[in-house]
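# Working through the structure, step by step
Here is what each chain is made of, one letter per residue.
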Amino acid sequence: MGQFKSYKILTVGLVFLVLVLCFMMPWPEPMIHWLPQPSTAPEYVSESIDWDSLPQELPNLTSLLYWPTTGEDRDDFLASTSPRTSTYCLKGPAHTTFTLGSNLEAILVARDHRGRAKLHGGDLFRAQLLGPELRAGVPGEVKDLENGTYLLSFPLLWAGWAQVQVRLIHSSEAVRVLQRVWREKRATVDFRGYFRGTDGPLETVICNVDPQSTGAKGPTCQYKDVVSGESWFCAQPSTLPCNALVGHSSGSYLKVTTSHDEALLAGNVTDQKLPSGVPPILVLPAAQGNMSNMGQKLTQLVYSVLRLEPRASNIIALPSRPPCSPGHLSPKPSGFYYQDRWHSTFCSSRSFPTVDSILNCLAGRIVYMLGDSTLRQWWEYLRDTVPSLKPVDLHVTYQVGPLMAVETTRGTVLHWRAHSWPLRSLRTPVASLHSVARELHGLAGGPYTVVVLGIGAHFTTFPPSIFARRLVGIRAAVKALLDQEPSTLVIIKLANTGYKSVYGSDWLTLQVNRLLQAAFVGLRVAFVDAWEMTSTLDVPDNIHPRKLIVRNEVELFLSFICST
């Protein structure tokens, strides 16, 4: 009996020792590291950025995000640039016929509401050359001469009629407001964090990218992704611990502007057409550029009355281009529309007119789309266009994902999921929020793996350093994936045009796209320039563009897949 008691004591002791060792053992950390104790919100200091992991262009944000001087800060609204008095005209002698493949240039003079010429630059103008009858369009280059005048340049890439159109997106004075808010405010939006206790009580607090922006008077909870290093902060609930966070959603838009700021950003002076300053022009094939007036009239008759189609080489100016492959920066313009189809200027993009042509391209591919709702439009377009591509109900919040569709006969799988914080969304479980860097670290890659990243739109409400810091982790993850499996295809979708407010203006999106392009310099990735594809046709801007534009974005994306 005494011996039995000794064994019993020894057994209990061993069990106790095992339990102690279990608690002491360094188990793998979960996706989000929950700090065991709430931390008191310190004076906010930006987290250190491993700039060495990025190319030279990105560390110097001041140089990378350079914008011409926008003049002095004045409260005189009438001194701001006006879309009604600003003018443009052809540079050089006026004429109405041009040669296919040449360039058209115009000079724009910015003027204020009193009609006085501006003496400084900094306005955000958008120029387009449109061919309405041909359903054509190409973005124009706008060069700020920083003295109140702008040089507009348009490549003439199709034969037929064309018309210059110029819009004032934001006056230089409005840009100054955006610059100030973007660089000086920690955040222009906040978020909600939902905490639930074991016995059912629920608390809702404010969360954000840094402790100060949570509005917390006391301690804050910090959540850190151990793979990407991304941090998130919530005000400490009054009765619940930090690890009781279960839900996330959008919060409020913060008041960050004065009444004068709002006048400069108002709809009547934002994204407005300038009065037409260049009459319609006729672009003729090169062989007919020096024709007599009679010959020009005959050409016009052929193109616009009889609507006969000459050889393709005489219709659009596209030189021989290599297959669409990663590793090349696209020129400006990266392409143009003709007959509602986007033609890339740097690679031989293809059209996919049938379901079979799409399926043949995607056969055997596993596609991972990580980003925002504008990238989800690609997933939705393919789901809706290919009947045999069947969605799988994963019982998640649709706005956040993950979403999946499968085509079993060709072995195609399409994934989409939203990036993590700071995601503006309906209420969704925190467990559904996965950082892009962590998702990439979990991929094996290979010749049948395609990764598409579409991020940026949700970062215009924070200083540029927030997005730059996020790109550090994403670039490192992309580089690691390509080093591991160089045959993996990685595509970067630039952010769309569409927003026109202090929370998400096109000017802000333009800066985000600069960061995106600089972050991936030197890596073998491909770019889809959604900025140009959404700003080239004469259609209203929409952050979620119409199907015509989405189709062309997807076809360029498929062109990269089919060429690899």
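Our subject is the structure listed above.
What comes next concerns the included structure. From a predicted model like this one, the values you see are computed outputs, not experimental measurements. (Residues numbered from 1 in each chain as written. Predicted model: local features only at pLDDT ≥ 70, side-chain atom pairs only at ≥ 80, totals over all residues. Heavy atoms only, no water.)

Moving on, we get to the sheet that holds strand β23 (residues 412-418). Overall, mixed pairing links the seven strands, which are arranged β21-β22-β23-β20-β25-β26-β27 in an open sheet. Looking at the sheet topology across the chains shown, the edges are occupied by β21 (390-392) and β27 (526-528). With strand direction ignored, the average angle separating the axes of adjacent strands in the sheet is 20°. Here β21 pairs with strand β22 (residues 403-407) via three bridges, running antiparallel. Residue pairing for β22: V392 is matched across the bridge by M404. (Pairing = 2+ DSSP bridges. Helix = DSSP H or I, 4+ residues; strand = E, 2+ residues; numbered from the N terminus. Axes fitted to C-alpha atoms, helices over the stretch in contact; angles between N-to-C directions.)

The alternating pattern of strand β18 (residues 335-338) places G335 and Y337 and F336 and Y338 on opposite faces, both of which are buried. By the bridge criterion, four bridges tie β18 to strand β19 (residues 341-344) in an arrangement that is antiparallel. The residue bridging Y337 from the neighbouring strand is W342, located in β19. (Buried < 20%, exposed > 50% of the residue type's maximum accessible area, 1.4 Å probe, protein only.)

What follows is about the packing of helix α9 (residues 464-484) against helix α10 (residues 506-519). In contact at an axis separation of 10 Å, α9 and α10 are set at 25° when each is read in the N-to-C sense. The orientation of α9 relative to α10 falls into the category roughly parallel. Seen along the crossing, α9 lies across α10 with a hand that is right-handed. Across the interface between the two elements, P464, F467, L471 and R475 of α9 pack against V512, L515, L516 and A519 of α10. When its residues are assigned to classes, the contact of α9 with α10 shows seven nonpolar, no polar and one charged. (Parallel < 35°, antiparallel > 145°, perpendicular 65-115°, else oblique. Left-handed = near helix turned anticlockwise from the far one by under 90°. Contact = heavy atoms within 4.5 Å. Nonpolar A, V, L, I, M, F, W, Y, C, P; charged D, E, K, R; others polar.)

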